[in-house]
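Given next are the chains, with one letter for each unit.
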Amino acid sequence: QVQLVESGGGLVQPGGSLRLSCVASARISRINAMGWYRQAPGKQRERVATITSGGSTNYADYVKGRFTISKDNAKNTVYLQMNSLKPEDTAVYYCNVVSRTLAGTPINYWGQGTQVTVSS
C-alpha cells in the first residue's frame, strides 16, 4: 500500500513562509492529479491547490498569489510553497494524490497531515 508522508509544517509568524513536502513511499502509476487540502478546527476539509500530471495548476482564491504548488516526478514528491502566511491559514494540511486503475476507476491517496500554525 502506497503511503504519502508530509513534512515541513510548524509554527510561523504572520507574513512568514513555509514549504510543505509530500513524498510517496512508492511510485504511483497513472496519476491524474496531486494536491494539497487543509482542515481547520471545526471546519470541513477544503482544497488549497492542485497540479495535474501535465503540470496545470489550480488554486483556491484565498491562496492565489501567496502559495505555489509544484512537483518532482522523479522524486515522487509534491510541494507547497506558502508565502505571506496569515493566521487564517492555520490548519492541518493534507497531501492528496488521485490516480486511476487500468479500468479508469479513481484511487485516492491521503497523507496523515502536517500542522501549520500561523501566530505571533
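Going by the structure above, here's the rest.
Residues numbered from 1 in each chain as written. Predicted model: local features only at pLDDT ≥ 70, side-chain atom pairs only at ≥ 80, totals over all residues. Heavy atoms only, no water.

Okay, the environment of Gln44 next. With respect to the helices and strands, Gln44 occurs in the loop between β4 (31-39) and β5 (46-52). Taking relative accessible area as the criterion, Gln44 reaches 69% and is therefore assigned exposed. Along the backbone, Gln44 and Arg27 are 17 residues apart, and their C-alpha atoms lie at a distance of 29 Å. (Helix = DSSP H or I, 4+ residues; strand = E, 2+ residues; numbered from the N terminus. Buried < 20%, exposed > 50% of the residue type's maximum accessible area, 1.4 Å probe, protein only.)

One open sheet holds the four strands; their spatial order is β1-β3-β8-β7, and the pairing between them is antiparallel. Across the chains shown, the open sheet's two edge strands, defined by having one partner strand only, are β1 (4-7) and β7 (67-72). Shown here is a sheet whose adjacent strand axes are inclined to one another by a mean of 15°, direction ignored. Examined bridge by bridge, β7 and strand β8 (residues 77-82) share six bridges and lie antiparallel to one another. Bridge assignment links Ser70 to a residue of β8, and that residue is Tyr79. (Pairing = 2+ DSSP bridges. Axes fitted to C-alpha atoms, helices over the stretch in contact; angles between N-to-C directions.)

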